[in-house]
Amino acid sequence: MSTPGGGELSATLRRIERSAGALATSSVARMDETLPWFRALPADQRSWVMLVAQAGARSLVQWLREGGGTADSTQEVSDEVFAAAPQALARSITLQQTVALIKVTIDVVEEQVSHLAAVGEEQQLREAVLRFSREIAFSAARVYARAAESRGAWDARLQALLVDALLRGDSPDVLASRAAALGWADAPPVAVAVGRSPGGEVSAVLHVVYRQARRIGVEVIGGVHGDRLVIVLGGAPDPLTATAKLLSAFGDGPVVVGPAVPSLDEATESARAALSGFRAAPAWPSAPRPVLAADLLPERALAGDAEARRRLRHDVYATLVRAGGELLATLDAFLAAGGTLESAARALFVHPNTVRYRLRRIAEVTGFSPLSPRDAFALQVALTVGRLDPVAPLASQVPTQTMTPATRKSAQTEDDPRRSL
């Protein structure tokens, strides 16, 4: 059909070269008529498409000259056809849309075959254009594949940096800028989950996370730091339940979920709690998986987490002191008696029903029930922390060992719901 240098199609090639600009213009006009989404593109992106169309016409000539028009040719179209437009175009126009653009352009060229081909070369040119359209589609696929790989590698790096910034407690501005670059919608609430990484390639680990997150309809950003997998969840009404559906993405061991916060700007708090809980979780071998960082407060406090100590001191110990009614003394006696209600009542010189009432009050004001072994442990740690880290003298506290029989009698009358037993 043709040989390097032109051969039989030399006259046709000259005609195509002269018509390259007109073909590109006609192709873009046809795109504007038949593709509604193309009409909505900004002017700069439409001009990029024009450049690509012109480069495609020149590439057709070059391809034919190098023997690409022969039936047995293996000549590929150079990917430089798409180098006329910036890489941003691949992010603005999908591969499916690019194929539609190619189809329109090829249709326009086929319609012009009778004018472009020299006498007797019409059928040869028509067949060559068909083969060229296949090659140009393959070239487009290669360009998009490379763009996807490059974007995926960059996104993975950016996500790792964002997770690292969360763990370090960087400023909200840093978090916001990196999240915006990733297209994070910041759907509330936001929570951080930490567990062990299953190992292997980071990209493969995160691929599992993103695939499962799409299935349950939550937004995620993930990163692997050392042997830990850190996941930021957004838009999950119950982060604990959402994390339970992502468990297969984690390796063995505990998975800890930090508290839910309104936005990514405040997610550092959730990340710190989750990370602290992950470090302390081995101290509770029977902990559920996943487990809330708030449920690991006693272990976190014993491991040296200042925030956990503050919460136990302020939310539990100080609350008991402010509640009065000898709740603190009753809790001390109940714990000292090994959780035996009658023994605690004898030590306090009160009726067992008084102790029951006070224990219910303790559960109401602190959220921890002394009758639950797990909650009793948390309460005991809270008492220890509160007495080791007092924030101010607590005048309302009366130590049990200094209570006189008269004081005990007064306490019995004050706290007993029946007033007298």
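In the nomenclature of an unreviewed UniProt entry, the protein is known as PucR family transcriptional regulator of Micromonospora arida. Taken verbatim from the UniProt record of the protein, the Sequence similarities (unreviewed entry) comment is "Belongs to the CdaR family."

J.: How would you summarise unusual backbone geometry if you had to cite specific residues and measurements?
T.: In this model, Pro-188 is joined to Pro-189 through a cis peptide bond whose omega is -10°. Mapped onto the fold, Pro-189 is located in the loop between α8 (172-181) and β1 (190-196). Of note in this structure, Phe-349 is not a glycine but carries a positive phi near 60°. Relative to the assigned elements, Phe-349 resides in the loop between α15 (341-348) and α16 (352-366).

J.: Got a sec to walk through the environment of Ala-187? Specific residues and values, please.
T.: Summarising the element assignment, Ala-187 is placed in the loop between α8 and β1. According to the relative accessible area criterion, Ala-187 is partly exposed, its value standing at 26%. Along the sequence, Ala-187 and Ala-236 sit 49 residues apart, while their C-alpha atoms lie 8.3 Å from each other. If sequence neighbours within four positions are ignored, Ala-187 has contacts with Glu-219, Gly-234 and Gly-235.

J.: Explain the pattern of salt bridges to me, and be specific about the residues and the numbers.
T.: Tallied over the entire structure, the rule returns 12 salt bridges. A salt bridge links Lys-103 to Asp-107, with the nearest nitrogen and oxygen atoms 3.2 Å apart. Residue Lys-103 and its partner Asp-107 are both found in helix α5 (residues 95-111); the two are separated by four residues, about one turn of the helix. Residue class for Lys-103 comes out exposed when judged on its relative accessible area of 54%.

How each quantity is defined
Residues numbered from 1 in each chain as written. Predicted model: local features only at pLDDT ≥ 70, side-chain atom pairs only at ≥ 80, totals over all residues. Heavy atoms only, no water. UniProt positions renumbered as here; feature names shortened; annotations may be inferred. Helix = DSSP H or I, 4+ residues; strand = E, 2+ residues; numbered from the N terminus. Buried < 20%, exposed > 50% of the residue type's maximum accessible area, 1.4 Å probe, protein only. Contact = heavy atoms within 4.5 Å. Salt bridge = Lys/Arg side-chain N within 4 Å of Asp/Glu carboxyl O.

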